[in-house]
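Listed below are the residues making up each chain.
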Amino acid sequence: MLRPWAAHWITAALLCGAVAQYSSDQCSWRGSGLSHESHRRDVEQIYLRCSQGSLEWLYPTGAIIVNLRPNTEPSSGHMAGLHVCIKPHTHSQGSHVYLERAGDLTLLLAEKDHAQGTVHCFSLAQGALFVEAIPQADISRRITAFQYELVPSQGPGTHMYPYLHPGLVTCKPCSDEEVLMAVCTSDFAGSGTFQRVAPGTNDHAAAMVTLSRLFRQKSRVFAWSGARGRRWSGHISVPAQCGVHPGRDEYLLTGSVHFGEAWLGCAPRYKDFLKLYVRAQKAGKNPCQIDTD
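Residues numbered from 1 in each chain as written. Predicted model: local features only at pLDDT ≥ 70, side-chain atom pairs only at ≥ 80, totals over all residues. Heavy atoms only, no water.

Trainee: Before we go on, may I ask you to explain helix α2 (residues 176-185) in this structure?
Mentor: Think of an α-helix as 3.6 residues a turn; residues three or four steps apart then line up on the same face. For α2, the complete set of buried residues consists of Val 179, Leu 180, Ala 182, Val 183 and Cys 184. Looking at the buried positions of α2, the neighbouring elements they touch are β12 (188-198), β13 (204-217), β16 (251-258) and α3 (270-282). (Buried < 20%, exposed > 50% of the residue type's maximum accessible area, 1.4 Å probe, protein only. Helix = DSSP H or I, 4+ residues; strand = E, 2+ residues; numbered from the N terminus. Contact = heavy atoms within 4.5 Å.)

Trainee: Looking at this model, I keep getting lost on unusual backbone geometry. Mind explaining?
Mentor: Note on backbone geometry: most residues besides glycine have negative phi, and most peptide bonds are trans. Positive phi outside glycine occurs at Tyr 59, with the angle close to 50°. Assessed through its relative accessible area of 26%, Tyr 59 is described here as partly exposed. Of note, Ala 102 is a non-glycine position whose phi angle comes to about 55°, a positive value. Note on placement: Ala 102 falls in the loop between β7 (95-101) and β8 (104-109). Residue Ala 102 is classed as exposed on the basis of its relative accessible area of 75%.

Trainee: Please explain the state of the cysteines as it appears in this structure.
Mentor: By definition, a disulfide links two cysteine residues through a covalent bond between their sulfur atoms. Following the criterion strictly, the structure yields five disulfides and no others. Disulfide partner of Cys 171: Cys 242, at an S-S distance of 1.9 Å. Classification of the bridge connecting Cys 171 and Cys 242 rests on its S-S torsion, roughly -80°, and on that basis the disulfide is left-handed. With a gap of 71 residues between them, Cys 171 in the loop between β11 (143-152) and α2 and Cys 242 in the loop between β15 (232-239) and β16 connect regions that are remote in the sequence. (Disulfide = S-S within 2.5 Å.)

Trainee: I keep staring at the sheet that holds β11 and nothing clicks. Help me out?
Mentor: Sheet strands associate in pairs through backbone hydrogen bonding, adopting either a parallel or an antiparallel arrangement. Taken in spatial order, the five strands make up an open sheet running β2-β4-β11-β6-β9, and their pairing is mixed. Strands with a single pairing partner mark the edges of an open sheet, and in this sheet they are β2 (29-32) and β9 (120-123). Going across the sheet, the axis of each strand differs from the next one's by a mean of 20°, ignoring polarity. Two elements, β2 and strand β4 (residues 52-58), share four bridges in a ladder whose sense is parallel. From the neighbouring strand, Arg 30 faces β4, where its bridge partner is Glu 56. (Pairing = 2+ DSSP bridges. Axes fitted to C-alpha atoms, helices over the stretch in contact; angles between N-to-C directions.)

Trainee: Teacher, can you tell me more about the environment of Ala 110 here?
Mentor: Tracing the backbone through its elements, the reader meets Ala 110 in the loop between β8 and β9. Using a relative accessible area of 12% as the deciding quantity, one classes Ala 110 as buried. On a C-alpha basis, the gap between Ala 110 and Tyr 98 in space is 8.4 Å, while along the polypeptide they are 12 residues apart.

Trainee: Mind showing me how you'd approach the pattern of salt bridges here?
Mentor: Two side chains carrying opposite charge are able to pair once their charged atoms lie near each other. Across all of its chains, the model carries five salt bridges by this definition. Arg 142 is the partner of Glu 111 in a salt bridge, and the nearest nitrogen-oxygen pair spans 3.4 Å. Note that Glu 111 is positioned in the loop between β8 and β9 and Arg 142 in the loop between β10 (128-133) and β11, a separation of 31 residues in sequence. A salt bridge links Asp 249 to Arg 269; the shortest N-O distance between them is 3.4 Å. In this pair, Asp 249 is assigned in the loop between β15 and β16 and Arg 269 in the loop between β17 (261-264) and α3, connecting sequence segments 20 residues apart. The class of Asp 249 is partly exposed, set by a relative accessible area of 40%. (Salt bridge = Lys/Arg side-chain N within 4 Å of Asp/Glu carboxyl O.)

Trainee: Looking at this model, I keep getting lost on the environment of Tyr 277. Mind explaining?
Mentor: By the element assignment, Tyr 277 lies in helix α3. The class for Tyr 277 is buried, based on a relative accessible area of 3%. Along the sequence, Tyr 277 and Asp 176 sit 101 residues apart, while their C-alpha atoms lie 9.2 Å from each other. Not counting residues up to four positions away in its chain, the partners in contact with Tyr 277 are Leu 180, Asn 286, Cys 288, Gln 289, Ile 290 and Thr 292.

Spelled out as structure tokens, the structure:
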């Protein structure tokens, strides 16, 4: 909630006419507190319309409000269920990050927590990001920096991303409909085996996988190793409570990519997926066509 000492920032933004800063590419913003050192009590409004991007605030002074929106028409319905996830750089310092809605502030990320680089997510409906600089005698070495992503809260495999719904991760298998949709819409989809699981954090572990088929990948999280056969390899993050079993069993591996890391989503055994896919194909219910050979 809003603390009394922070009330003047909200008043400045809502009543005194905040300074507006627009990103040149609509995805990322880079600014300096030195540009408004003489009026450091102003609150700058920043507008970003993109599915992902970054913010870098050099020598932070005063406060900024970061308004995040998808690059779609408001009437399209894409706003419903969207979450924002932010990941601070480990060198980020000099400010606290709050959620601001209707004049109320709720702490999201204290300055001391930036160095951990932990992902924090919240519903887009909860408000904008209010980034408040901490008064410093020497601001020359202070930089606040984080990446952000807009993430749908529903869809195949979203229940496996631990930062989206902290404490509510479930390892339940996806339904037939979710599996068919996942192979068509996930950030990556392929078939392969789990090679080994490396120790991770309390939240997740990193599983090394080898893929014999790669149907799709949003970014190059899996590297081609053609010299040793028709294979791709890479790492997939798996929630700690959802154990995987290295071995010869082949799985359909689907999931999402967040901040450059692949996260496991729907992952049935590949032979079971093939049976499901053939049945759906005969019934004309496949959302898309893939080459299963």
